[in-house]
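So the chains spell out like this:
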Amino acid sequence: MTLRIGRLAEVTGETVKTLRYWTALGLLEAERGENGYRYYREDTTQRTAFIRSAQAFGFTLSEIHDILALRASGVLPCEHVRTRLESHLATVRARIVELEALEGDLEERLTW
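Reading the values: rules and limits
Residues numbered from 1 in each chain as written. Predicted model: local features only at pLDDT ≥ 70, side-chain atom pairs only at ≥ 80, totals over all residues. Heavy atoms only, no water. Helix = DSSP H or I, 4+ residues; strand = E, 2+ residues; numbered from the N terminus. Rg over C-alpha atoms; globule rule 2.2 N^0.38 Å. Buried < 20%, exposed > 50% of the residue type's maximum accessible area, 1.4 Å probe, protein only. Contact = heavy atoms within 4.5 Å. Areas by Shrake-Rupley, 256 points an atom, 1.4 Å probe, with all protein chains shown as cover. Lys, Arg positive; Asp, Glu negative; His and termini not counted. Charge placed at Lys NZ, Arg CZ, Asp CG, Glu CD. Pairing = 2+ DSSP bridges. Core = buried A, V, L, I, M, F, W, Y, C linked by side-chain atoms within 4.5 Å.

Caption draft 1: Layout of the overall build of the chain. Scanning the chain from N- to C-terminus turns up five helices and three strands. Written out in order from the N terminus, the α and β elements of the chain read β-α-α-β-β-α-α-α. In terms of overall dimensions, the chain is more spread out than a globule: its C-alpha atoms have a radius of gyration of 20 Å, far above the 13 Å expected for 112 residues. With the C-alpha coordinates of the chain rotated into their principal frame, the extents come out at 70 × 35 × 20 Å. Considering the chain as a whole, with its 112 residues, one finds that 23% of them fall into the buried category. Considering only intrachain contacts with a sequence separation of at least 6, the fraction spanning at least 24 residues in the chain is 45%. Summed over all atoms, the accessible surface of the chain reaches about 8300 Å², with 55% contributed by carbon and sulfur. Taking the 15 positively charged and 17 negatively charged side chains of the chain as two groups, their mean positions are separated by 8 Å.

Caption draft 2: Region of interest: the sheet that holds strand E2 (residues 31-32). Pairing in this open sheet of three strands is antiparallel, and the strands run E1-E3-E2 from one edge to the other. The sheet is open, and its two edges are formed by strand E1 (2-4) and E2, each paired on a single side. Where E1 meets strand E3 (residues 38-41), three bridges bridge the pair, whose relative direction is antiparallel. Its bridge partner lying in E3, leucine 3 is registered against tyrosine 40.

Caption draft 3: Structural context of the nonpolar core. Ranked by size, the top nonpolar core spans 16 residues in total, and within it Leu19, Trp22, Leu27, Leu28, Ile51, Leu61 and Ile64 carry the most contacts. Contributing elements (two or more residues each) for this core: helix H1 (5-12), helix H2 (16-25), helix H3 (44-56) and helix H4 (61-72). No other element matches the four residues that H4 contributes to this core. In this view, leucine 28 contacts Leu19, Trp22, Thr23, Tyr40, Thr44, Arg47, Thr48 and Ile51; residues no more than four positions away in its chain are not counted.

Structural measurements only, silent on function.
Pasting the structure below:
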């Protein structure tokens, strides 16, 4: 079964514009019908959810593309993803330290 882009947007909660963009980047695959419409396989809904989830964890679309390419080549990207998650975690922890310092500075200014 295939889905037209409007239906895929409806099912996934993404905008048609986002789906077109992800398709142009190669994150999603679509076939063009004779009528010019894009048709997506039904399993594209899971891929769309993965992309959104990966973004929520701080992955860029380029990194997501790399992960999907590894998976498509038959390689389980587990170690690759783990390394990137560790890097993102380190970045988040550093940002938390910066924000806590900012919080302290702001509290000091308010009591001054």
